[in-house]
Amino acid sequence: MPATLFDKIWAKHAILTRPDGATLLHVGRHLVHDGSSQAFRTLADQGLTVRRPDRTFATADHYVATTAQGGARSLDDIAVPERRHLVEALAANTAKAGIAHFGLNDLRQGIVHIVGPEQGITQPGLLMVCGDSHTATHGALGALAFGIGSSEVAHVLATQTLWQSKPRSMRISVDGRLAEGVTAKDVILAIIAQIGAAGGTGHVIEYAGSAIRSLSAEGRMTVCNMSIEAGARAGMVAPDETTFAYLSGRPYAPKGALWDKAVAAWKELPTDPDAVFDTEVSVDATAIVPMVTWGTSPEDAVPITGRVPDPDRAPAERREAMRRKLDYMGLTPGEALDGVKVDRVFIGSCTNGRIEDLRAAAAVARGRKATIPAMVVPGSGLVRAQAEAEGLDRVFRDAGFEWRYAGCSMCVGMNGDTVAPGQRSASTSNRNFVGRQGPGARTHLVSPAMAAAAAVTGRFTDVRRLTGG
Amino acid sequence: MKPFRSLDAVAAPMGTPNIDTDQIIPARYLWRSKADGYGMHLFQDLRFAADGTPREEFVLNQPAYANAGIIVAGRNFGCGSSREAAVWALSDYGVRCVIAPSFGDIFYNNSFKNGLLPIVLPPERVAALLAALDRKQDVRIEIDLQAQTVTGPGGTVDHFEVDPFRKQLLLEGMDDIAFTLRHTEQMAAFETEYDRAAPWLAVPG
Ligand code: SF4
């Protein structure tokens, strides 16, 4: 029977299926971060040990500081003792269990969803999980990857398995050529605006179509990353030459004869031509322009050329919620988004903290000056080092942007990297929820280039005006 | 885990769609351990003003819904991050059931692990329950998990679907790690075959 990429990976990991449909799935690789201490505690309480430390990889990201008081970053940079303890606990728990751990002073440390692909831990055909909702990022390399809760993390640590009922499948085909200045971030924001924040609920999304094919592996990660913002369990892209070229030579990627063997297996993975999806969505790539969100759900995304929507013109049942959002965001119905004043800029996160993102932001910042506070937080120590080797840190510093160490930082308002109440931020992260970047923070989601454009103009600005795109 | 069989409790209406886990429990409290308790910070920024005084308009602060054990919510409740603390905060506060037209997937999964029952009902039925609760006269809802029924104010009865496996674990209050470990032999055999088929996954020790 013709099968989808998702079907194939699911079948390869199904140990047993109960008559009621619950399937016990083997977990190919498991990623762990510094929010996992409760899971290790659960394990210890039950007298259990980690079943497959060799298939488990850890890094500290959520609670690490992105500044260094001394010459190098240390635990002391985390001001709140309880958070420091979480980072320490990860180091201790992983050392005890024999799990590879990229800690604070390891150049490989970074946001778990940046680190997995970068190290070649993420590979096509794998079923991967992590106690974080943005695990879908890894699907960009042709893996089935989804986020789980803390109890499930404990379950995976103890058994290397997970019980799941098979989600439905959705294919989102994005066809056509993306216009100049339109990025992967704009693509996913446009998709979520089209299908809604619950549009993918209960589904695993496969992103397909010529526009997705034409994206780099990193761009695909940006798209898959925000699958959860569309309500989906996971997002994935079929592995192809772009995928293989990205993985080749990475530390945990296979080498030599094993590489050839792996690639041969990976080439079997893409969805068969006649395979059927439960839901099909098509998106016109040529209609996408740089996007910006106006509200407090990622579905509230509009083109930068657009206006703040008017609740009076919305369906009756939406009006009240829209008014509340506009009140929180301090926006007026009908106001043009291009030109709205911004107070600070955050470039980073697992959505847009990779080297290509920093290059795109630097291209806009180069030779200009930030007129508002702007911060660049590389997604990993290696991204930071690469950016420094390319001189991007200089570009940012010369333009008055802050240059930080790797971590989640202002995406989640950690360690003082917060947006003040009532302040408006242009952020390359994935969530514009009420209070996400700090109580009262007004978050607008944009691409790295759009964020840099906001930094240098102090307003939301169609980046194509600055770059001539 | 506490078993869940039936529940008769005050239900609070929260009809706003997309109530995300950042609103249920803001990230700044996530350093706490589960044992420290999270209930005091449930819906922190909706429930309390910045100076800590309760916001009167927030539903859980209204006398009619005091000690709510059920929340009736809008679509996509619990969307957002995978933080299980969102469920811990609800159950620690005393909420053991949330009824909504749809849920964030991970929140939905996490609920079952903590003896909290998420119930999906059709949007129009949730709207009817919300409207009945808003009247503040009869605010109790009764849940029977075995029979899979929700009895609302005025005696309306709705049937709901629940995954049989999860239902069983909830009814028995059974921990699923212990359950899974009954399959150790099958797991081991599967792993051996899996590792043989994908030798490139072995990490040189
Ligand atoms: S960068 Fe933000 S979204 Fe990504 S893992 Fe960190 S906190 Fe979560």
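Conventions and cut-offs
Residues numbered from 1 in each chain as written. Chains lettered and ligands numbered in written order. Predicted model: local features only at pLDDT ≥ 70, side-chain atom pairs only at ≥ 80, totals over all residues. Heavy atoms only, no water. Helix = DSSP H or I, 4+ residues; strand = E, 2+ residues; numbered from the N terminus. Rg over C-alpha atoms; globule rule 2.2 N^0.38 Å. Buried < 20%, exposed > 50% of the residue type's maximum accessible area, 1.4 Å probe, protein only. Contact = heavy atoms within 4.5 Å. Buried area = accessible area lost by both parts, 1.4 Å probe. Salt bridge = Lys/Arg side-chain N within 4 Å of Asp/Glu carboxyl O. Pairing = 2+ DSSP bridges. Domains from an automatic or database assignment. Polar contact = N/O pair within 3.5 Å; in protein donor to acceptor, adjacent residues only side chain to side chain. Nonpolar A, V, L, I, M, F, W, Y, C, P; charged D, E, K, R; others polar. Axes fitted to C-alpha atoms, helices over the stretch in contact; angles between N-to-C directions. Parallel < 35°, antiparallel > 145°, perpendicular 65-115°, else oblique. Left-handed = near helix turned anticlockwise from the far one by under 90°.

(A) Quick look at the overall build of chain A. Along the backbone of chain A there are 17 helices and 19 strands. For 469 residues, the compact-globule estimate of 2.2 N^0.38 gives 23 Å, and chain A sits close to it at 21 Å. By principal-axis analysis of the C-alpha atoms, chain A measures approximately 55 × 55 × 45 Å. Among the 469 residues that make up chain A, the fraction classed as buried is 64%.

(B) Just the interface of chain A and chain B, in detail. The interface is formed by 71 residues belonging to chain A together with 52 residues belonging to chain B. Counting each side, the surface lost to burial between chain A and chain B is near 5,000 Å², with a carbon and sulfur contribution of 58%. The largest share of the area that chain A buries against chain B comes from Arg51(A), Arg55(A) and Trp163(A), three residues that together contribute 10% of it. On the surface where chain A and chain B come into contact, there are five salt bridges. Between Arg52(A) and Asp195(B) there is a salt bridge whose closest N-O contact spans 2.9 Å.

(C) Inspection of the pairing of strand E3 (residues 29–32) of chain A at higher detail. Residue and element names in this part refer to chain A. Residues Arg29 and Leu31 line one face of E3 and the alternating positions His30 and Val32 line the opposite face, and both faces are buried. Alignment of E3 against strand E6 (residues 127–130), held across three bridges, turns out to be parallel. For leucine 31, the partnering residue across the bridge sits in E6 and is cysteine 130. Sheet topology note: the E3/strand E4 (residues 56–59) ladder contains three bridges and is parallel.

(D) Fine view of the domain arrangement of chain A. Residue and element names in this part refer to chain A. Domain annotation for chain A reports domain 1 (5–165), domain 2 (168–239 + 267–287) and domain 3 (293–463). Put simply, the middle of domain 1 and the middle of domain 3, counted by C-alpha atoms, are 27 Å apart. Contact residues are listed per partner, giving 27 residues for domain 1 and 22 residues for domain 3. Summing both sides of the interface, domain 1 and domain 3 together bury roughly 2,000 Å²; the carbon and sulfur share of this comes to 61%. Ranking the residues of domain 1 by area buried against domain 3 places Thr66, Ile111 and Ile114 at the top, with a combined share of 33%. Where domain 1 touches domain 3, the interface holds 15 residue pairs in polar contact (both at pLDDT 80 or more). In terms of residue count, helix H4 (residues 112–119) provides more of the side of domain 1 that touches domain 3 than any other element does, five residues in total. In terms of residue class, the side of domain 1 that touches domain 3 is made up of eleven nonpolar, eleven polar and five charged.

(E) Representation of the packing of helix H2 (residues 37–45) of chain A against helix H5 (residues 150–159) of chain A within the structure. Residue and element names in this part refer to chain A. Across the interface, H2 lies against H5 with an axial gap of 8 Å and an inter-helix angle of 55 degrees. If you check the angle between H2 and H5, you find them oblique. For the pair H2 and H5, the crossing hand works out as right-handed. The segment H2 lies against H5, with Gln38, Ala39, Phe40, Thr42 and Leu43 engaging Ser150, Val153, Ala154, Leu157 and Ala158. Looking at the contact of H2 with H5, its residues break down into seven nonpolar, three polar and no charged.

(F) Main features of the environment of Thr371(A). Residues and elements named next belong to chain A. Relative to the helices and strands, threonine 371 resides in the loop between helix H13 (355–365) and strand E16 (374–376). Aside from chain neighbours lying at most four places away, what touches threonine 371 is Ala455, Val456, Thr457 and Gly458. A polar atom in the side chain of threonine 371 sits 3.2 Å from the backbone nitrogen of glycine 458.

(G) Region of the structure containing the packing of H13(A) against helix H14 (residues 381–389) of chain A. Residues and elements named next belong to chain A. Close contact between H13 and H14 brings their axes to 9 Å; oriented N to C, the two are set at 40 degrees. On the basis of the axis angle, H13 is oblique to H14. Along this stretch, H13 crosses H14, giving a crossing that reads as right-handed. The residues of H14 that touch H13, namely those facing Ile355, Leu358 and Arg359, are Val383, Gln386 and Ala387. For the contact of H13 with H14, a count of residues per class yields four nonpolar, one polar and one charged.

(H) Structural detail: unusual backbone geometry. Residues and elements named next belong to chain B. For phenylalanine 43, which is not glycine, the phi dihedral falls at a positive 50 degrees. As for its position among the elements, phenylalanine 43 is in the loop between helix H1 (21–24) and helix H2 (44–47). Under the relative-accessibility criterion, phenylalanine 43 is labelled buried at 0%. Non-glycine residue asparagine 76 carries a positive phi angle of around 65 degrees. By the secondary structure assignment, asparagine 76 is in the loop between strand E2 (70–73) and helix H3 (85–93).

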